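An overview of the molecular structure
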Amino acid sequence: MSQTSLTPITGPSAPNFFGMSRERLRAHVEGMGVPAFRAEQVYSWVYQKHVRTPLDMTNLPLAFREALPGICDLELPETASVHKSPDGNTHKFVIRLADGARVESVSMRTPKRLTFCISSQVGCALKCSFCATGLMGLKRNLKAHEIVAQVVAMGEFHGWQDDRFNIVFMGMGEPLANMEAVTETIRILHDENGLNLGARRLTVSTSGLVPQIRELTKLKLQVGLAISLHATTDALRDELVPVNKRWPIAELLDAAQEYGRTIGRRTTLEYTLLGGVNDSLEDADRLASIARSMPSKVNIIPYNPVPGLDWKRPSKEAIDRFVERLLPKAPAVTVRHTQGGDIWAACGQLGGLS
Ligand code: SF4
């Protein structure tokens, strides 16, 4: 079809680019009478050359470039604010979505890598007792384009300097309660003609939705799985992570083991250390025993206090004592030394909240 016969949809009714897989974009442009290879070219401009301004996509015909904003929406949601930790390595982004809802994303730089923590829901229904996001309740699920846009916004902020960034679904919300958008996001991030993020660079964290873990296993997306354990007995986990009452620890570990076996990866056991609650030597011994029962690595996250909640961060001595007890007994242990506690405290899970 000739370029002049393009009939772009006007304004906001054009579907959002960032929620479309390459296949969907191909079908979409074809449906508008444009050859499918134009979709490939746009994908490459946006995700590989990091150009979002249609007129700058210089190998495309001018008429197509002019029509592009009406074919798909390439705008990112507004980044309302960016907060930097004192050491400069951690940034929290507050993103304002089209309906005015706000979500938060966090980038964290360590000597080895840059990691983006992204949100999957506005609020969260699961009400983990130490989590600021849980206090909000669930407002809504994010759409795939609103999740992908967080990655692009942080990539642009950092000037796409690091090609080797990792993504963790550990921000606001329970990712597996928004399965469709999260799995679509993973496919978009994977695309070899897109950002081409290997599965090993993606991790989905769950508080323990066992049926959805089993569903993810069947999809064989190869992404890493982190489970927000936080307690080694059902009695305590029922209190900290109420979804445990529905799917207790043994069922959760069984589903996680099956996932790990299927994709051939270790499961990350996230363990937020709460002062005087789950930081005893007996807790460390039970955690080590769970860690040894499956291919796993333990990630210890000393809690960052949240205004309005009574939980406390353990003392440095208590953290050291717990880790020293755990280290020789567990196969792999990392301790997250959070940077800029107030920044992390707002980010659903990575904020030391689960
Ligand atoms: S810790 Fe995660 S799953 Fe639990 S309430 Fe907060 S955001 Fe939801």
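Values in this document were obtained by computation on a predicted structure and should not be read as measured data.

**Examining the domain arrangement of the protein chain**
Where interface size is given, it is often the accessible area lost as the parts come together that is meant. As assigned here, the protein chain comprises domain 1 (3-71) and domain 2 (78-345). Placing a centre on the C-alpha atoms of domain 1 and another on those of domain 2 gives a separation of 34 Å. Taken together, the 14 residues of domain 1 in the interface contact 13 residues of domain 2. Approximately 1,200 Å² of surface area, both sides summed, lies buried where domain 1 meets domain 2, with 54% of it carried by carbon and sulfur atoms. Looking only at domain 1, the three residues that lose the most surface to domain 2 are F18, Y47 and H50, adding up to 42% of its buried area. Linking D191 and R22 is a salt bridge whose minimum nitrogen-to-oxygen distance equals 2.9 Å. Counting every contact that joins domain 1 to domain 2 gives five residue pairs in polar contact (both at pLDDT 80 or more). Looking at the side of domain 1 that touches domain 2, the elements with two or more residues in it are α1 (22-31) and α2 (37-48).

**As for the environment of V152**
With respect to the secondary-structure elements, V152 resides in helix α5 (residues 144-157). With a relative accessible area of 3%, V152 lands in the buried category. It is 8.9 Å that separates the C-alpha atoms of V152 and H50, two residues lying 102 residues apart in sequence. Not counting residues within four places of it along the chain, the set of residues in contact with V152 comprises F18, Y47, L76 and W160.

**Notes on the pattern of salt bridges**
The full count for this structure, using the stated rule, is 15 salt bridges. R140 is the salt-bridge partner of D99, the closest N and O atoms lying 2.7 Å from each other. Residue D99 is located in the loop between β2 (90-96) and β3 (102-109), and its partner R140 is located in strand β6 (residues 138-141); the two are separated by 41 residues in the primary sequence. Here D320 and K316 are joined by a salt bridge, their closest N and O atoms 2.8 Å apart. In this pair, D320 and K316 both sit in helix α11 (residues 316-326), four residues apart, roughly one turn of the helix. Linked through salt bridges whose partners overlap, the residues forming this network are R22, R26, E40 and D191.

**Regarding the nonpolar core**
Formed by 104 residues in total, the largest nonpolar core has its most connected members in F17, Y47, I167, I300 and L326. If one sorts the elements of this core by residue count, α5 sits on top with eight residues. Excluding residues that lie within four positions of it along the chain, L326 makes contacts with A284, L287, A288, V298, I300 and V333. C117, V168, M170 and A226 belong to the second largest nonpolar core, which has five residues in total.

**Looking at the pairing of strand β10 (residues 267-273)**
Among the seven residues in β10, seven count as buried, and that is most of the element. The alternating pattern of β10 places T267, L269, Y271 and L273 on one face and T268, E270 and T272 on the opposite face, and all of these are buried. With three bridges connecting them, strand β9 (residues 224-228) and β10 associate as parallel partners. What sits directly across from S228, in β10, is E270. Two elements, β10 and strand β11 (residues 296-302), share seven bridges in a ladder whose sense is parallel. Within β11, the position partnered with T267 by the bridge is S296. Traced from β10 through helix α10 (residues 281-292) to β11, the parallel crossover comes out right-handed.

Rules and cut-offs
Residues numbered from 1 in each chain as written. Predicted model: local features only at pLDDT ≥ 70, side-chain atom pairs only at ≥ 80, totals over all residues. Heavy atoms only, no water. Domains from an automatic or database assignment. Contact = heavy atoms within 4.5 Å. Buried area = accessible area lost by both parts, 1.4 Å probe. Salt bridge = Lys/Arg side-chain N within 4 Å of Asp/Glu carboxyl O. Polar contact = N/O pair within 3.5 Å; in protein donor to acceptor, adjacent residues only side chain to side chain. Helix = DSSP H or I, 4+ residues; strand = E, 2+ residues; numbered from the N terminus. Buried < 20%, exposed > 50% of the residue type's maximum accessible area, 1.4 Å probe, protein only. Core = buried A, V, L, I, M, F, W, Y, C linked by side-chain atoms within 4.5 Å. Pairing = 2+ DSSP bridges. Right-handed = clockwise from strand over helix to strand, strands pointing away.

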